Structures are given as C-alpha cells and as structure tokens.
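Geometric and topological summary
The chain contents come next:
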Amino acid sequence: MLQGKAALVTGSTSGIGLGIARALAAQGCAVMLNGFGDPGEIETIRADIERQHDVQVAYNGADLSRPDEIAALVAATAEQLGSLDILVNNAGIQHTAPVADFPAAMWDKIIAIMLTGAFHAIRHALPHMQAKGWGRIVNPSSVHGLVASVHKIAYVSAKHGIMGLTKTVALEMAGHGITCNAINPGFVRTELVQAQIDDRAQKIGASAEEAARDMLSEKQPSLDFVTPEQIGALCVFLCSDAAAQITGVPIPIDGGWTAQ
C-alpha cells in the first residue's frame, strides 16, 4: 500500500512508535527510526525490520528537545530515504506530580519534546510534502489530548496542544494532498504505563496484573490494553488513499474511555 513512500517516526525505538514503524514497513514504506536506547539493541531492531520487510530502514538519534537537531533529522530522512512523505510525531515522556509540586524544568522538557518538537518537525517536513503534492502527518496523541487526569499537568497540556496543532495544519494543507490527524490511544502497556502499574502495585500491595486491572477499571471499559500493533494499523489506514478526506480529527482508540 505504501510502496515507494518514506516515513519519519519519532520515538520509534520502542513501544507505540516501534509498532507504527513496523506497520509502515510491512506496507513497503522506508522508515527513519528515532529515539534513545542501547545502540546495539537499536541496530538489532533496525536490521530486523529492514530484513523482514525488505525496505530501507535508517536510524537517527536526534534529541527532539533541540530544534537544530530536529531540522537535521528531517533533512537526513529526506536525503537517506530519498523523500519524506509521512511524518509521525510520536516521541513523548511522562512525569506525574500535583500541579503545586510539578517541577518547572520537567514542564519545560515535556512541552519541548511533545509539542514544540512536533511543531518543528512539521514545519521542516512540509516543504518536502508540498513539493510532491502528497503527505501524511500523524500525531499519536492520547486520550489526554481530549480529557484530563490528575497529576499529569504537562502531559495533558502538551497533548491538548497537539490537537490544536493538528487542526491548524490540516486546515492550512486542505486541498494540497496533505492530511494531518491525531491518534488518541487509551492505556497501552508501554514502559511508561508499566512504571505506573508497578508504582500502583507497590502502593496497594498487589501483583502487577492486579494493579493493571485496577488501573484499567478506572478508565478503560474494555478492561484490555490497546496494543502498538493496533495503533500501527490505524496509522497505516490514515496514510492510505482511503483516508485522503480524513483530516484535522482526533481518532480515539481507547476501549471506550472517552465514550463515558
């Protein structure tokens, strides 16, 4: 479906981003991976995707809190993969604390990576898409781009900001063959969520599985986690011709969380 296309997926060395990168590669899309981690493990992941799907897969460790590195990342993607047709702004971090106790430095870091970083990636990627008259921008947001939770002031603010960014880009690019949408997952059992599960298990004196079910029961009526593979499949759809008239919208994939 995406043969001949090239994608940059930020935050794609693990979790949701890796699931999206694998899904795009499975449809014939060349992929630029980005994120932090053990260099040996990242190379294993890169080589595995490339071998399994017979597509070009590259890696760039740009720090998305640095605008100059984002510009270099976009340029490297276009140069190494031959084009930049799909941008997935997935990179994210988390910190939880009450508003009064939330560290200012952590606020700045979360906003820089998750909101400002997405802005810079989009502004540098758009000229490549406009030159071809085709492009797909997908912003994996969160249900927290639509609703709030306590103790996540920076994360919720960044994700709500992503929704405004998504709509604005979609309007500006309407009629130019370029769409911009957001995916809003509920709980996905990533490393970030697992850390919250482990903390909950310790506080309530329960097993990790009991704590996970307790967490799900508070928010996600399906009582099951969303998977990176499911999010990857949704991203592939948004990049397809079938989704050419879907733009500027949030698409929850949340087990019923935001239906409540």
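The paragraphs below set out a description of the structure included in this document. The shown structure was predicted, so the numbers you read here are calculated from the model rather than taken from an experiment. (Residues numbered from 1 in each chain as written. Predicted model: local features only at pLDDT ≥ 70, side-chain atom pairs only at ≥ 80, totals over all residues. Heavy atoms only, no water.)

**A closer look at the overall build of the protein**
- When helices and strands are counted, the protein shows eight helices and seven strands.
- For 260 residues, the compact-globule estimate of 2.2 N^0.38 gives 18 Å, and the C-alpha radius of gyration of the protein, at 18 Å, lies within 12% of that figure.
- Principal axes of the C-alpha set define a box for the protein whose edges measure 55 × 40 × 35 Å.
- Within the span of the protein, comprising 260 residues, buried residues form 50% of the whole.
- Residue pairs in contact within the protein that sit at least 24 positions apart in sequence constitute 71% of those at least 6 positions apart.
- Computed over 17 positive and 25 negative side-chain charges, the inter-centroid distance for the protein is 5 Å. (Helix = DSSP H or I, 4+ residues; strand = E, 2+ residues; numbered from the N terminus. Rg over C-alpha atoms; globule rule 2.2 N^0.38 Å. Buried < 20%, exposed > 50% of the residue type's maximum accessible area, 1.4 Å probe, protein only. Contact = heavy atoms within 4.5 Å. Lys, Arg positive; Asp, Glu negative; His and termini not counted. Charge placed at Lys NZ, Arg CZ, Asp CG, Glu CD.)

**Quick notes on a nonpolar patch on the surface**
- Judged by side-chain polarity, Val-99, Trp-107 and Ile-153 come together as a nonpolar surface patch covering roughly 260 Å² of accessible area.
- Relative accessible area serves as the criterion here: at 60%, Val-99 is assigned to the exposed category. (Patch = residues over 30% accessible without salt bridge, like charges linked within 9 Å, V, L, I, M, F, W, Y side chains within 5 Å. Areas by Shrake-Rupley, 256 points an atom, 1.4 Å probe, with all protein chains shown as cover. Salt bridge = Lys/Arg side-chain N within 4 Å of Asp/Glu carboxyl O.)

**Here we look at the sheet that holds strand S6 (residues 178–185)**
- Strand order in the open sheet made by the seven strands is S3-S2-S1-S4-S5-S6-S7, with parallel pairing throughout. Unpaired on one side and paired on the other, strand S3 (57–60) and strand S7 (250–253) mark the two borders of the sheet. Strand-to-strand twist of the sheet, defined as the mean angle between neighbouring strand axes without regard to direction, takes the value 20°.
- For strand S1 (residues 6–9) and strand S2 (residues 30–34), the ladder comprises four bridges, and the chain directions are parallel. What sits directly across from Ala-6, in S2, is Ala-30.
- Together, S2 and S3 form the strand contacts of helix H2 (residues 39–53), whose direction differs from that of S3 by roughly 155°.
- Helix H5 (residues 153–173) contacts strand S5 (135–140), S6 and S7 of the sheet and is inclined by roughly 160° relative to S6. (Pairing = 2+ DSSP bridges. Axes fitted to C-alpha atoms, helices over the stretch in contact; angles between N-to-C directions.)

**Remarks on the environment of Leu-115**
- With respect to the helices and strands, the residue Leu-115 is situated in helix H4 (residues 104–132).
- Take Leu-115: its relative accessible area is 22%, and that puts it in the partly exposed class.
- C-alpha of Leu-115 to C-alpha of His-160: the two residues are 45 residues apart in sequence and 9.2 Å apart in space.
- Setting aside residues up to four positions removed in sequence, Leu-115 forms contacts with Ile-110, Ala-158, Gly-161, Ile-162 and Leu-165.

**A look at the side chain of Asn-139**
- Along the polypeptide, Asn-139 turns up in strand S5.
- Taking the relative accessible area as the measure of exposure, Asn-139 reaches 0% and is therefore buried.
- Reaching out from Asn-139, the side chain makes a polar contact with the side chain of Asn-89 at a distance of 2.9 Å.
- Asn-139 has contacts with Asn-89, Ile-122, Ile-162, Leu-165, Thr-166, Cys-180, Asn-181, Ala-182 and Ile-183, leaving out every residue within four places of it along the chain. (Polar contact = N/O pair within 3.5 Å; in protein donor to acceptor, adjacent residues only side chain to side chain.)

**Quick word on the environment of Ser-141**
- Structurally, Ser-141 is set in the loop between S5 and H5.
- With 90 residues separating them in the primary sequence, Ser-141 and Arg-51 have C-alpha atoms 30 Å apart.
- Excluding anything up to four places from it in sequence, Ser-141 contacts Lys-159, Ile-162, Met-163, Ala-182, Ile-183, Asn-184 and Pro-185.

**A look at H2**
- Across its 15 residues, H2 extends 21 Å between first and last C-alpha, which sits within 8% of the 21 Å expected from 1.5 Å per residue.
- Within H2 the residues assigned to the buried category are Ile-42, Ile-45, Arg-46 and Ile-49. Down the axis of H2, the smallest arc covering the buried residues is 95°, so these residues share one side. Set apart from the buried face of H2 by more than 90 degrees, the exposed residues are Thr-44, Arg-51 and Gln-52. (Expected span 1.5 Å × (residues − 1). Arc of directions from axis to C-beta.)

**As for the packing of aromatic side chains**
- Inspection of the entire model under this criterion finds one aromatic pair.
- On the basis of an interplanar angle of 45° and a centroid distance of 4.8 Å, the ring pair of Phe-187 and Trp-257 is categorised as tilted. Note that Phe-187 is positioned in the loop between S6 and helix H6 (191–204) and Trp-257 in the segment after S7, a separation of 70 residues in sequence. Just as Phe-187 is buried, Trp-257 falls in that class too.
- Between Lys-5 and the ring centre of Trp-134, over which it is positioned, the NZ or CZ distance is 3.8 Å. (Phe/Tyr/Trp six-rings, centres within 6.5 Å; stacked < 30°, edge-to-face > 60°. Lys NZ or Arg CZ within 6 Å of the ring centre and 35° of its normal.)

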